[in-house]
Amino acid sequence: MKPSSSLNLHTNSSMAFSSALRLLTLSPFTPVTRLSFLRRTTSDIRFLSASSRRRPPSTSIKASSSVGFRDEPEQNGNGGLAVVDSNGSDVVKRSEGRIVLTELHKEATEAYMAYAMSVLLGRALPDVRDGLKPVHRRILFAMHELGLASKKPFKKCARVVGEVLGKFHPHGDSAVYDSMVRMAQDFSLRSPLVSGHGNFGSIDADPPAAMRYTECRLEELAEAMLLADLDQDTVNFVPNFDNSQKEPSVLPARLPTLLLNGSSGIAVGMATNIPPHNLGEVVDVLCAIIHNPEATLQELLEYMPGPDFPTGGLIMGNLGILEAYRTGRGRVVVRGKTDVELLDSKSKRNAIIIKEIPYQTNKSALVEKIADLVESKSLDGISDIRDESDRSGMRVVIELKRGSDPLIVLNNLYRLTSLQSTFSCNMVGILNGQPKQMGLKEILQAFLDFRCSVVERRARFQLSKAQQRRHIVEGILVGFNNLDAVIRIIRGASSNSIAAAGLRNEFNLSEKQAEALLDMSLRRLTLRESEHFVAENKSLIEQISKLEELLSTRKNILELIEQEAVDLKNKFASPRRSILEDTDNGQLEDIDVIPNEEMLLALSGKGYMKRMKPNTFNLQHRGTIGKSVGKLKMNDSMSDFIVCRAHDYVLYFSDKGTVYSARAYKIPECSRTASGTPLVQILSLSDGERITSIIPVSEFTEDQFLLMLTVQGYVKRVPLNSFSSIRSTGIIATQLVPGDELKWVRCCTNDDFVAMASHNGKVVLCLCSKIRTQGRNTRGAPAMRLKEGDRMASVDIIPAAMWNNLETISNLPGSNGKSHDGPWLLFISESGHGKRVPLSRFRMSSLNRAGLIGYKFSDEDCLAAVFVVGFTLAEDGESDEQVVLVSQSGTVNRIKVRDISIQSRFARGVILMRLDHAGKIQSASLISATECEPEEVLDIAQV
């Protein structure tokens, strides 16, 4: 017998089995048919076992078709198995023990798959319904059973771990304690579920204290979001591991916790890694899919633009987010947040300050890695590194050598350390008892289906309880109405059963109603108690009616789900920590090294944009022709002209009501005579879309608003922070009626005032707080009652301090309200004329009014712009501002406001710019120059 063709049955069987196991793999997308055998009971799964029988000397069997198996007669109740050759003679015979005839590869496959599914379902993967793994669910349920509410005292973690191990989770205590610690770490979970007292570890990977030292209790969010209504038959309870207790198979979550806190785990053949998100955004996207189940992914991103990591950081680009939300798998590049500080102005030494690091990054390991790179000469330009982090926040200081470029050092840090890392999204969860990779919409829909089931079961439970209680109360009311007869029957009965039977027969009561009457004490037979039962019966009728109405349609259930989710948002929502950066790669942005200097931005009507230095245009006198803003395309004209800083966000508002965003420094700098860069190369504009207003924003504060005015006179206010995260494709800024277009956008606060003017010269002054604050997807309210053929011409903001100063002057003794002192409204007509009218000549009014006459025009002329001037005053009390006028042909004229005459509301004004060969005034901007240098622009007023 050749060695290659022989098989030792006794010595090589274990090697064959282990080899078969090594060849087995589990695909992440295993079809349902391959897992169907797992539905068998435990008794159906057969295992190869070696009985305590004596093995004969090694017998070799030739691996050929002449060798086979045959069944032997049972002896002592045990089956037998024999290996026979082609002649029927026994080669190996086993009659001791029990050996099941099966194929080795099938048995190995089934055993391995059973183990794999046990790990998948019982340990590593979260359930899409409540977003929890079994160990987390059992910890929260055990704490709930122990009464560790958020307002109760802390208890030792060892007590909770022992409860979980003894009743629900028969695994190691370290696994349970580590899971509990992670649920209490605010740098691990976006919304912690456990409140810890003691040392629960740190972002430096310091281990937590032993469980005998630390204490814990439930967070209020965990109670409200996961454990509410647990006792109202909302979920199924299953036996624990020894069938001595009951535990919930899933918690009745009110929010998709799988998205809120994310999850990570490694199973057999598959893994999951889901990023955390902001609670407020999760509620918003849940409400969006409730209102529109057919919403596209792009529409859902309006409400939840991306993950929100507990450690903050910068999320670079949204391509990976889009792919992850669409398919369930994608890569998100996360970068730590850094600043560059000047340590010594003389030597010009800088320092890089690390304020936030990527999610799941060890800070101490990061600092150690940087130190090792510096020591090994792999990283140049660093003189010192120290960790100054404390309870107030993270601060890692990296001092640079003299002459080192922070840009180069930061690039090396991102390339060589974990200051920039990649979060690989693999959104796998348990759905209908099987692991599945899901996108954002599928996760939300699966949660909604589960939540509908929970709300329906809760309503049916409450309805049943209310009906049972009403049944009892109705019987008690019958007793109150016939109190003398009830007392007579009870006194005449010889036993409780006879009394109950008498009550049932006399008043047609049920057994429960009769028992309830008998259980009542004498003190409850008063008139006050009777009224109490009447009120309770009325309340029960209303409750039953509401519950039946709730159960009548799915729409009512969805409305209740939305309301409960919004309540959680109002109570527990927090601002976003991770900032979304509009970039498609992980390279360093130029903003860290570009000086935050003032610049001029010029926009033409056909969408050409250019950036220029602030001293490009010199100061001139009024009535002059001006200097050309540069070369324009044929039939093109200037549209807008603003002053901003290089680091500002520039919000671009289009005529279609869409807003785009880009940093100011991203616009290419060019000379005055250049034509500029097409905006379609900077923004994702659609065909025929025009930019009508540009707003520079240095910081998205909560007390700032954007006032939007359309050509047809619809006005509204939108919080400025609603535009802090704008996709590269833009977001909706306002809804428009057919034929209307968004024309003007201005920054304001609640205390400011707004001046709105029409082409016919009518003016309306109104307090900004009178204009309703609305969301982006709304139209607004009418600003002015326009006559036929008239339309809005301009809008400007009056700061609250300026208006208060005006009222103070008007209230002085001897003031008649007709002073020529500032502030003033500066009117500029399309023909190049202008004038100043004291603001005191106009009175306050509400919206939707015809307005006061501010400028009386000829038939051919109309209003081009209106500004509030008097922000800055010279020593003589005159305006120190300057106005920049741009004609349709691109000619620019910059003049002093003090040179413009102060006239009445009905005057024609004076010539500001001669337009014999230059058409009409296209745009105007207001600039304040307070220094002695006449050619330098230093301060900006409202444009």
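Residues numbered from 1 in each chain as written. Predicted model: local features only at pLDDT ≥ 70, side-chain atom pairs only at ≥ 80, totals over all residues. Heavy atoms only, no water.

Draft legend 1. Examining the overall build of the protein more closely. Along its length, the protein carries 19 helices and 47 strands. Counting across all 943 residues of the protein, residues that qualify as buried make up 48%. By sequence separation, contacts in the protein at least 24 residues apart represent 71% of the contacts at least 6 residues apart. Total accessible area on the protein stands at roughly 45,400 Å², and carbon and sulfur atoms take up 48% of it. (Helix = DSSP H or I, 4+ residues; strand = E, 2+ residues; numbered from the N terminus. Buried < 20%, exposed > 50% of the residue type's maximum accessible area, 1.4 Å probe, protein only. Contact = heavy atoms within 4.5 Å. Areas by Shrake-Rupley, 256 points an atom, 1.4 Å probe, with all protein chains shown as cover.)

Draft legend 2. Structural view of the pairing of strand β40 (residues 833-838). In terms of residue burial, β40 counts as a mostly covered element, since 5 of its 6 residues are buried. Sheet topology places strand β39 (residues 824-829) next to β40; 5 bridges connect them, and they run antiparallel. The partner of Phe-827 across the bridge, within β40, is Lys-835. In this sheet, strand β45 (residues 910-911) lies alongside β40 in antiparallel orientation, the contact comprising 2 bridges. Its bridge partner lying in β45, His-833 is registered against Ile-911. (Pairing = 2+ DSSP bridges.)

Draft legend 3. Local environment of the packing of aromatic side chains. On inspection of all chains with the given rule, the structure shows 12 aromatic pairs. Taking the centre distance of 6.0 Å and the plane angle of 75 degrees together, the rings of Phe-653 and Phe-723 count as edge-to-face. You can see Phe-653 sitting in strand β27 (residues 649-654) and its partner Phe-723 sitting in the loop between β32 (714-719) and β33 (731-732), a full 70 residues away along the chain. Classification of Phe-653 by relative accessible area gives buried; the value is 0%. (Phe/Tyr/Trp six-rings, centres within 6.5 Å; stacked < 30°, edge-to-face > 60°.)

Draft legend 4. Spatial organisation of the sheet that holds strand β30 (residues 691-697). If you trace the 4 strands from one edge of the open sheet to the other, you get β30-β27-β28-β33, paired in antiparallel fashion. Both edges of this open sheet fall to β30 and β33, since each of them pairs with a single strand only. By the bridge criterion, 2 bridges tie strand β28 (residues 658-663) to β33 in an arrangement that is antiparallel. Following the sheet pairing, Thr-658 is matched in β33 by Ile-732.

Draft legend 5. Looking closely at the environment of Ile-382. Along the chain, Ile-382 turns up in strand β17 (residues 382-387). With a relative accessible area of 5%, Ile-382 lands in the buried category. Between the alpha carbons of Ile-382 and Ala-351 there is a distance of 8.9 Å; along the sequence they are 31 residues apart. Apart from the residues within four sequence positions on either side, Ile-382 is in contact with Ile-370, Val-374, Ile-398, Glu-399, Leu-400, Lys-401 and Val-409.

Draft legend 6. Here's a closer look at the sheet that holds strand β37 (residues 781-782). What the 4 strands build is an open sheet, ordered β34-β31-β32-β37; its pairing is antiparallel. Where the open sheet ends on each side, the last strands, each with one partner, are β34 (742-748) and β37. Direction of pairing for strand β31 (residues 705-710) relative to β34: antiparallel, over a ladder of 6 bridges. Bridging across to β34, Leu-706 finds its partner in Cys-747.

Draft legend 7. Seen up close, helix α18 (residues 554-572). A rise of 1.5 Å per residue sets the reference length of α18, with its 19 residues, at 27 Å; its end C-alpha atoms lie 27 Å apart and thus fit the reference within 8%. Three or more residues of α18 are buried, namely Ile-557, Leu-558, Ile-561, Glu-562, Glu-564, Ala-565 and Leu-568. Looking straight down α18, one finds that the buried residues subtend no more than 165 degrees of arc, so they occupy a single side. Structural note: α18 exposes Lys-555, Asn-570 and Lys-571 on the side pointing more than 90 degrees away from its buried face. On its buried side, α18 packs onto α6 (220-227), α8 (279-291), α13 (440-481) and α17 (527-552). (Expected span 1.5 Å × (residues − 1). Arc of directions from axis to C-beta.)

Draft legend 8. How the structure looks around the nonpolar core. One finds Leu-140, Leu-193 and Leu-226 to be the most contacted residues of the largest nonpolar core, which totals 110 residues. Residues in contact with Leu-140, not counting those within four places in the same chain, are Leu-132, Met-183, Leu-193, Val-194, Leu-218, Leu-226, Leu-227 and Leu-251. Ile-352, Ile-357, Ile-398 and Tyr-414 belong to the second-largest nonpolar core, a separate cluster that totals 21 residues. (Core = buried A, V, L, I, M, F, W, Y, C linked by side-chain atoms within 4.5 Å.)

Draft legend 9. Region of interest: the confidence of the model for the protein. Overall, the predicted model of the protein reaches an average pLDDT of 82, with 81% of residues at or above 70. Ranking the helices and strands of the protein by mean pLDDT puts strand β8 (residues 215-218) first, with 97, and strand β47 (residues 939-940) last, with 33. Low confidence marks residues 812-816, where pLDDT is under 50. Its contacts with residues over four positions away, or in another chain, come to 2 contacts. Low pLDDT, under 50, characterises residues 930-943; the stretch is placed with 39 contacts to residues that sit more than four places away or in other chains. (pLDDT = per-residue confidence, 0-100.)

Draft legend 10. Quick peek at α17. A rise of 1.5 Å per residue sets the reference length of α17, with its 26 residues, at 38 Å; its end C-alpha atoms lie 38 Å apart and thus fit the reference within 8%. Tucked into the core, α17 has its buried residues touching α13 and α18.

Draft legend 11. Examining unusual backbone geometry more closely. With a phi angle near 65 degrees, Ala-205 is a residue other than glycine that sits in the positive phi range. Residue classification places Ala-205 among the exposed residues on the basis of a relative accessible area of 52%. The backbone of Asn-508 shows a phi angle near 55 degrees, a positive value even though the residue is not glycine. Judged by its relative accessible area of 70%, Asn-508 falls in the exposed class.

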